[in-house]
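# Close look at the chain arrangement
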Amino acid sequence: CGQQRPFEVMCVEPEVSSTRGESQMFGELAARFGWERLVAVTGAYHVQRARVYLDRCFDGEFGFIAVDWPYYNARILRHEVLGYLQARLFSRGC
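So, here is what we can say about the structure in this document. (Residues numbered from 1 in each chain as written. Predicted model: local features only at pLDDT ≥ 70, side-chain atom pairs only at ≥ 80, totals over all residues. Heavy atoms only, no water.)

### Description of the overall build of the protein
The helix and strand inventory of the protein stands at three helices and two strands. Listed N to C, the secondary structure of the protein is α-β-α-β-α in terms of helices and strands. If you line up the protein on its principal axes, its C-alpha atoms span 40 × 30 × 25 Å. Sequence separation of at least 24 residues holds for 63% of the intrachain contacts in the protein that already meet a minimum separation of 6. In the protein, 11 positive and 11 negative side-chain charges are present, and the distance between their average locations comes to 8 Å. (Helix = DSSP H or I, 4+ residues; strand = E, 2+ residues; numbered from the N terminus. Contact = heavy atoms within 4.5 Å. Lys, Arg positive; Asp, Glu negative; His and termini not counted. Charge placed at Lys NZ, Arg CZ, Asp CG, Glu CD.)

### Observations concerning the packing of helix α2 (residues 47-57) against helix α3 (residues 74-89)
In the contact formed by α2 and α3, the axes pass within 9 Å of each other and the chain directions differ by 25 degrees. Here α2 is positioned roughly parallel relative to α3, judged by the angle of their axes. For the pair α2 and α3, the crossing hand works out as left-handed. On the side of α2, the interface is formed by Gln-48, Arg-49, Val-52, Tyr-53 and Arg-56, while α3 contributes His-79, Glu-80, Gly-83, Tyr-84, Ala-87 and Arg-88. Here the contact of α2 with α3 is composed, by residue class, of four nonpolar, three polar and four charged. (Axes fitted to C-alpha atoms, helices over the stretch in contact; angles between N-to-C directions. Parallel < 35°, antiparallel > 145°, perpendicular 65-115°, else oblique. Left-handed = near helix turned anticlockwise from the far one by under 90°. Nonpolar A, V, L, I, M, F, W, Y, C, P; charged D, E, K, R; others polar.)

In structure tokens:
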């Protein structure tokens, strides 16, 4: 943000800072701007949970660029597993 680029850069923050909140924001932006495709960049450990929410919140095609996360540890693994279970079992909507 704040740098000149040969393409448009949008710096936005979701209302709720969570995977679900980010997916909701992307769905809203897509509807507003007519986006049909989306590429999400996230940590490799996070792709499965992000996929669940994006599939619910975004009607177009999407893919991921999964990057290595240098701070991956047991706490992050626990957070992702529990978050994934919540997304699949309890948080049914977008």
